[in-house]
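Spelled out from the first residue to the last, the chains are:
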Amino acid sequence: MQFRTNSNIKRSIIWLFWLNLQGRLQTALQKQTVTLSIWTWVFCFICIMQRGYGCLSGYMHSYEAISIMFLASAVILIGGFFLFRKVLNRIGEKWHDHWQYYKSTGVAELRKAVSVALCVISVTLSMLSVSLIPLDINMLSWWLILSAGLNFLYHGSCKGSYH
């Protein structure tokens with residue numbers, strides 16, 4: 001009995017460490033993705049403004065060109081803000097509806113959906129495994145190994161089956 005309890009404690013500690021590490025990595029990746037996308041849009045916006053200023057400065061005084069570019073920038077930023085806000089509201093409504101469905105049908109439906117999603121994700125992972133891992137295992141075998149392994153890990157972490 002003592003050995004089993006220690007084993008469960010060790011598994012729990014390892015699982016908590018894994019979740020903590022996974023959460024930190026996911027947070028870091030999200031921050032880097034957001035930073036990269038913001039800088040990409042800023043760079044594109046600056047390039048467009050420089051090109052517009054170059055075109056306008058040939059026809060009018062530089063102060064007028066800067067004023068027009070400033071006004072155009074303000075209109076683009078305000079329009080982008082409202083568009084972004086509308087998109088976020090729409091995504092929020094979709095997710096709310098999605099979670100209301102799972103609240104009404106229960107956790108079992110959610111677990112079934114996650115199992116199917118893990119099997120679909122395993123197809124991509126198996127294609128990557130065939131091309132990157134130098135073992136003589138075909139894609140179907142990789143898919144079976146990965147989908148069974150991921151589902152086993154997922155349902156093992158849920159501490160229960162579909163009830």
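Residues numbered from 1 in each chain as written. Predicted model: local features only at pLDDT ≥ 70, side-chain atom pairs only at ≥ 80, totals over all residues. Heavy atoms only, no water.

**Details of the overall build of the protein chain**
Here is step 1: Helix and strand counts for the protein chain come out as four helices and zero strands.
Here is step 2: Helices and strands appear in the protein chain in the N-to-C order α-α-α-α.
Here is step 3: The proportion of buried residues among the 163 residues of the protein chain is 10%.
Here is step 4: Residue pairs in contact within the protein chain that sit at least 24 positions apart in sequence constitute 44% of those at least 6 positions apart.
Here is step 5: Counting only carbon and sulfur atoms, one obtains 72% of the accessible surface of the protein chain, whose full area is about 13600 Å². (Helix = DSSP H or I, 4+ residues; strand = E, 2+ residues; numbered from the N terminus. Buried < 20%, exposed > 50% of the residue type's maximum accessible area, 1.4 Å probe, protein only. Contact = heavy atoms within 4.5 Å. Areas by Shrake-Rupley, 256 points an atom, 1.4 Å probe, with all protein chains shown as cover.)

**A word on the pattern of salt bridges**
Should the charged atoms of two oppositely charged side chains come close, the side chains can pair.
Here is step 1: Under the definition given, this model contains one salt bridge.
Here is step 2: The residue Glu93 makes a salt bridge to Arg90 at a minimum N-O spacing of 3.6 Å. A residue pair is termed a helical-turn pair when its members lie 3 or 4 positions apart in one helix, as Glu93 and Arg90 do in helix α2 (residues 62–105) at three residues.
Here is step 3: Look at Arg90 and you get partly exposed, because its relative accessible area is 48%. (Salt bridge = Lys/Arg side-chain N within 4 Å of Asp/Glu carboxyl O.)

**Some details on the layout of surface pockets**
Here is step 1: By volume, the largest pocket is sized at about 570 Å³.
Here is step 2: If you go around the largest pocket, you meet 13 residues; those closest to its centre are Trp41, Phe45, Ile76, Leu77 and Gly80.
Here is step 3: For the lining of the largest pocket, the leading source of residues is helix α1 (residues 2–57), giving seven residues.
Here is step 4: Here the lining of the largest pocket is built from residues that sort into eleven nonpolar, two polar and no charged. (1 Å grid on protein atoms, 1.4 Å probe; cavity = no way out; pocket = protein on both sides within 12 Å on 5 of 7 lines; lining within 4 Å. Points joined across faces, edges and corners; volume = space filled by probe spheres on them. Nonpolar A, V, L, I, M, F, W, Y, C, P; charged D, E, K, R; others polar.)

**Regarding the packing of aromatic side chains**
Here is step 1: Scanning all chains against the criterion turns up one aromatic pair.
Here is step 2: Relative to Phe82, the ring of Phe81 lies with its centre 5.4 Å away and its plane at 65 degrees, an arrangement referred to as edge-to-face.
Here is step 3: Relative accessible area serves as the criterion here: at 48%, Phe82 is assigned to the partly exposed category. (Phe/Tyr/Trp six-rings, centres within 6.5 Å; stacked < 30°, edge-to-face > 60°.)

**Describing the side chain of Ser122**
Here is step 1: Looking at the secondary structure, you find Ser122 in helix α3 (residues 107–132).
Here is step 2: Judged by its relative accessible area of 0%, Ser122 falls in the buried class.
Here is step 3: A polar side-chain atom of Ser122 sits 2.7 Å from the main-chain carbonyl oxygen of Leu118.
Here is step 4: Once residues within four sequence positions are removed from consideration, Ser122 is found in contact with Trp143, Leu146, Ser147 and Leu150. (Polar contact = N/O pair within 3.5 Å; in protein donor to acceptor, adjacent residues only side chain to side chain.)

**Some thoughts on a nonpolar patch on the surface**
Here is step 1: A cluster of nonpolar residues, Leu83, Phe84, Val87, Leu88, Ile91, Trp95 and Trp99, forms a patch on the protein surface that exposes about 730 Å² of accessible area.
Here is step 2: Its place among the elements puts Leu88 in helix α2. (Patch = residues over 30% accessible without salt bridge, like charges linked within 9 Å, V, L, I, M, F, W, Y side chains within 5 Å.)

**Describing the environment of Cys55**
Here is step 1: Structurally, the position occupied by Cys55 is in helix α1.
Here is step 2: Spatially, the C-alpha atoms of Cys55 and Ala65 are 9.0 Å apart, while their sequence positions differ by ten residues.

**Focus on the side chain of Ser129**
Here is step 1: With respect to the helices and strands, the residue Ser129 is situated in helix α3.
Here is step 2: According to the relative accessible area criterion, Ser129 is buried, its value standing at 10%.
Here is step 3: Setting aside chain neighbours within four positions, we find Ser129 in contact with Trp142 and Leu146.

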